[in-house]
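Residue-level structural notes
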Amino acid sequence: MNGKRPRRYAHPDNIYHYMASNRISESLVRLAMEPPFRLFARAAIKRFPCSIRTKAKWDAVDRPQYLVGVIAAADEAIREGVGDISVFEFGVAGGNGLLALENYSESVEKETGVRISVFGFDTGTGIPELCGDHRDHPDQWRPQDYPMEEEKLRSRLKPRTTLLIGDVAETVPRFVREKQAPSVGFVAVDVDLYSSTKHVLQLFLLPEKRMLRRVTMYFDDTDFIFNHRFAGELLAIHEFNSESRNVKIDRWRGIANRRVFAESPWLEKMYVAHDIEAIGRTQLRRAVASDLGLL
Ligand SMILES: C[S@@+](CC[C@H](N)C(=O)[O-])C[C@H]1O[C@@H](n2cnc3c(N)ncnc32)[C@H](O)[C@@H]1O
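Procedures and definitions
Residues numbered from 1 in each chain as written. Predicted model: local features only at pLDDT ≥ 70, side-chain atom pairs only at ≥ 80, totals over all residues. Helix = DSSP H or I, 4+ residues; strand = E, 2+ residues; numbered from the N terminus. Rg over C-alpha atoms; globule rule 2.2 N^0.38 Å. Buried ≥ 20, exposed ≤ 12 C-beta atoms within 10 Å, placed from the backbone. Contact = placed C-beta atoms within 7 Å. Right-handed = clockwise from strand over helix to strand, strands pointing away. Pairing = 2+ DSSP bridges. Near = placed C-beta within 6 Å. Nonpolar A, V, L, I, M, F, W, Y, C, P; charged D, E, K, R; others polar. Arc of directions from axis to C-beta. Core = buried A, V, L, I, M, F, W, Y, C linked by C-beta atoms within 7 Å. pLDDT = per-residue confidence, 0-100. Domains from an automatic or database assignment. Axes fitted to C-alpha atoms, helices over the stretch in contact; angles between N-to-C directions. Left-handed = near helix turned anticlockwise from the far one by under 90°. Expected span 1.5 Å × (residues − 1).

Looking only at helices and strands, the protein chain has 11 helices and seven strands in total. Over its C-alpha atoms the protein chain spans a radius of gyration of 21 Å, differing by no more than 12% from the 19 Å that the globule rule assigns to 295 residues. With respect to the principal axes defined by its C-alpha atoms, the protein chain has extents near 70 × 50 × 40 Å. Here the protein chain holds 295 residues, and the buried ones make up 35% of them. Residue pairs at least 24 apart in sequence account for 71% of intrachain contacts in the protein chain once pairs closer than 6 positions are excluded.

Structure follows, in C-alpha cells:
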C-alpha cells in the first residue's frame, strides 16, 4: 500500500454499496442512518459526489420534494415505455424552485436516460386578484405578493426550461391545447391560492391532456396552521376529485417507508395524480408472477 485509499473507496456511493454488501458493514450503514449519526452522514453525502438517487434517499439537496418527485416520474416513464416527460413548477416567483427543478432534471435525465423538459408558470407580477372570500385566504396573501425579476431569471435558465408568463387561468388551457409537450411526469403546485390551484389542475381535466398513468405532485400550502379542507390548495384538490371522472389525486402512500429522514415535513405534502381511466385500460405484458413458495 502506498498510503492512498484503494480506488473502490474513493467514491462515497462505492463506500455505501461496499459497506452494504457485507454483514458487518451493513450494520454500520444502519447505524449511519440512526440519529444523531445520520446528520453527519447526510452532511458528507451533501458535500461529496454521490449518485442522485443516494442524495434523494438522504434528503441531501435543498428541495428533496422536487428531486424525489422527478426521480419517481422518470422511473414511471421507464415502466410505461415513455422516453420523454415534462415537469412543472406552478408559482415561480424569484425562481429558486425552478432553477432547482432544472438542475435535478438534468441529473435525473443523466441517471435514467429519460429526457426531461421543465416548465415554469407565473404571472410575473405576483399574486393576482383574490376570489373575494375565505377560499383564497385574504388573511395570508394579497395581490402582487412575490413579484418576479423576469429578465434576471430568464438569463439563468438553460434550454431545457421554458418560462410561461401570464395567469394560469389562460396559460394552462393554452399550453395543454397548443404545446404538445411530452407527458406530464411531476408537478409542483405553489400558487398559494385556491382559485389559482383550480386553474392549474385543468392540466389533468382537458381532453388534450398528456400524462403518465401516475404523476407525482407536491402541494406547498397544505401543512400550515391556516390550512384546512375548506380553502386553498386542499379545497381545490377536494373539488377536483369530485369533478374529475378519469383522474384522481390522492396522498402519495408509503412515501416515508425506508427513508432515512422519514419524519421530514415535506413528505406530507407529496401527492399522486392517478389516471384511473388509463390504468383501467392497461394490460400487463409480463410473465405470470411466481408464488414465493413455502418458507
Ligand atoms: C410563493 S410564490 C412561489 C415560490 C416559488 N415556488 C419558490 O419556491 O421559490 C407564489 C407564486 O405564485 C404565482 N401565482 C399565484 N397565482 C397565480 C396565477 N393565477 N397565475 C400565475 N401565477 C400565479 C405568484 O405570482 C407567485 O409568484
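There is more to say after this.
Attention now goes to the pairing of strand S5 (residues 211–219). By the criterion of burial, S5 is predominantly enclosed, with nine of the nine residues buried. Read as a crossover between parallel neighbours, the route from strand S4 (residues 183–189) over helix H9 (residues 194–200) to S5 is right-handed. Sheet analysis places S5 next to strand S7 (residues 270–275), joined by five bridges and oriented antiparallel. Each residue of the ladder has a partner; that of Thr216, found in S7, is Val272.

In this section: the site of the ligand. What surrounds the ligand is a group of 23 residues, the closest being Gly91, Ala93, Gly97, Asp190 and Ser196. The set of elements that each furnish at least two residues to the shell around the ligand consists of helix H6 (96–112), strand S2 (115–122), helix H8 (168–178) and H9. In the shell around the ligand, the residues fall into 10 nonpolar, eight polar and five charged.

On to H8. Those residues of H8 not exposed but buried are Val168, Val172, Phe175 and Val176. Down the axis of H8, the sector holding all buried residues measures 90°, keeping them to one side. Relative to its buried face, H8 has exposed residues pointing more than 90 degrees away, namely Glu170, Arg174, Arg177 and Glu178. Where the residues of H8 are buried, they touch strand S1 (84–90), S2, strand S3 (161–165) and H9.

The subject of this paragraph is the nonpolar core. Of all hydrophobic cores here, the largest spans 62 residues; its most connected members are Val70 and Val187. Top element by residues in this core is helix H5 (residues 64–80). It accounts for nine residues. Apart from residues lying up to four places away in sequence, Val70 is in contact with Val87, Tyr104, Ser105, Val108, Ile116 and Phe186.

With that settled, the discussion passes to the confidence of the model for the protein chain. When pLDDT is averaged along the protein chain, the result is 92, and 92% of the positions lie at 70 or above. Predicted confidence is poor over residues 1–10, with pLDDT under 50, and the contacts of this stretch with residues over four places away or in other chains come to five contacts.

The next subject is the environment of Val191. Looking at where Val191 falls in the secondary structure, it is placed in the loop between S4 and H9. A residue is classified by how many C-beta atoms lie within 10 Å of it, and Val191, with 29 of them, is buried. Counting along the chain gives 48 residues from Val191 to Pro143, while the straight-line C-alpha distance between them is 12 Å. Leave out the neighbours within four places in its chain, and Val191 touches Phe90, Gly91, Val168, Ser196, Thr197 and Val200.

Right, let's get into the domain arrangement of the protein chain. As far as domains go, the protein chain holds domain 1 (10–51) and domain 2 (60–281). Each of domain 1 and domain 2 has a C-alpha centre, and these two points are 32 Å apart.

It is the contact of H5 with H6, at a shortest axis distance of 9 Å, that shows an interaxial angle of 35°. Crossing of H5 against H6: the hand is right-handed. Residues Tyr66, Leu67, Val70, Ile71, Ala74 and Ile78 of H5 lie in contact with H6, whose contacting residues are Ala100, Leu101, Tyr104, Ser105, Val108 and Thr112. Among the residues making up the contact of H5 with H6, the classes are represented as 10 nonpolar, two polar and no charged.

The next subject is the sheet that holds S2. Read from one edge of the open sheet, seven strands run S3-S2-S1-S4-S5-S7-S6, paired in mixed fashion. Each edge of the open sheet carries a strand with a single partner, namely S3 and strand S6 (247–251). Sheet twist, expressed as the average angle between the axes of neighbouring strands with direction ignored, equals 20°. For S1 and S2, the ladder comprises seven bridges, and the chain directions are parallel. In the strand pairing of S2, Val87 is matched with Val118. Sheet contacts for H5: S1, S2, S4, S5 and S7; angle to S5, the most-contacted strand, approximately 175°. In the packing of H6 onto the sheet, the strands contacted are S1, S2, S3 and S4, and the crossing angle to S2 comes to about 170°.

Here the focus is H6. Its 17 residues give H6 an end-to-end C-alpha distance of 24 Å, which sits within 8% of 24 Å, the value for a rise of 1.5 Å per residue. If you check which residues of H6 are buried, you get Gly97, Leu98, Leu99, Leu101, Glu102, Tyr104, Ser105 and Val108. Looking one or two residues beyond H6, the residue adopting positive phi is Gly113, at roughly 85°.

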